[in-house]
Amino acid sequence: MPHTVALLAAASEDQGPGNTIRIVLIASLVGAALLAWFLLRGYRNDDNND
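Criteria and thresholds
- Residues numbered from 1 in each chain as written.
- Predicted model: local features only at pLDDT ≥ 70, side-chain atom pairs only at ≥ 80, totals over all residues.
- Heavy atoms only, no water.
- Helix = DSSP H or I, 4+ residues; strand = E, 2+ residues; numbered from the N terminus.
- Buried < 20%, exposed > 50% of the residue type's maximum accessible area, 1.4 Å probe, protein only.
- Areas by Shrake-Rupley, 256 points an atom, 1.4 Å probe, with all protein chains shown as cover.
- Patch = residues over 30% accessible without salt bridge, like charges linked within 9 Å, V, L, I, M, F, W, Y side chains within 5 Å.
- Salt bridge = Lys/Arg side-chain N within 4 Å of Asp/Glu carboxyl O.
- UniProt positions renumbered as here; feature names shortened; annotations may be inferred.

**Some remarks on the overall build of the protein**
Part 1: The helix and strand inventory of the protein stands at 2 helices and 0 strands.
Part 2: Here the protein, with 50 residues, has 0% of them falling under the buried criterion.
Part 3: For the protein, the exposed surface amounts to about 4700 Å²; the carbon and sulfur share of it is 67%.

**Points about a nonpolar patch on the surface**
Part 1: On the surface, Ile26, Val30, Leu34, Leu35, Trp37, Phe38, Leu39, Leu40 and Tyr43 cluster together to form a nonpolar patch covering roughly 1000 Å² of accessible area.
Part 2: As for its position among the elements, Leu40 is in helix α2 (residues 18-47).
Part 3: Since its relative accessible area comes to 56%, Leu40 is described here as exposed.

**Points about the UniProt feature "transmembrane region" (unreviewed entry) in the protein**
Part 1: This chain's UniProt record puts "transmembrane region" (unreviewed entry) on residues 20-40.
Part 2: The span residues 20-40 shows a helical share of 100% and a strand share of 0%, and its end C-alpha atoms are spaced 30 Å apart.

Dropping the structure here:
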């Protein structure tokens, strides 16, 4: 068990590209939400013209 704890501690210190991947994921989620809002806004305006 202490060997596993030492491995997890070493892995948590050296995260590599973790922050970059996190930023890219957050930016892509925000972009997808904005794109969905923009597209759905157009459909909502078409429904009001009936």
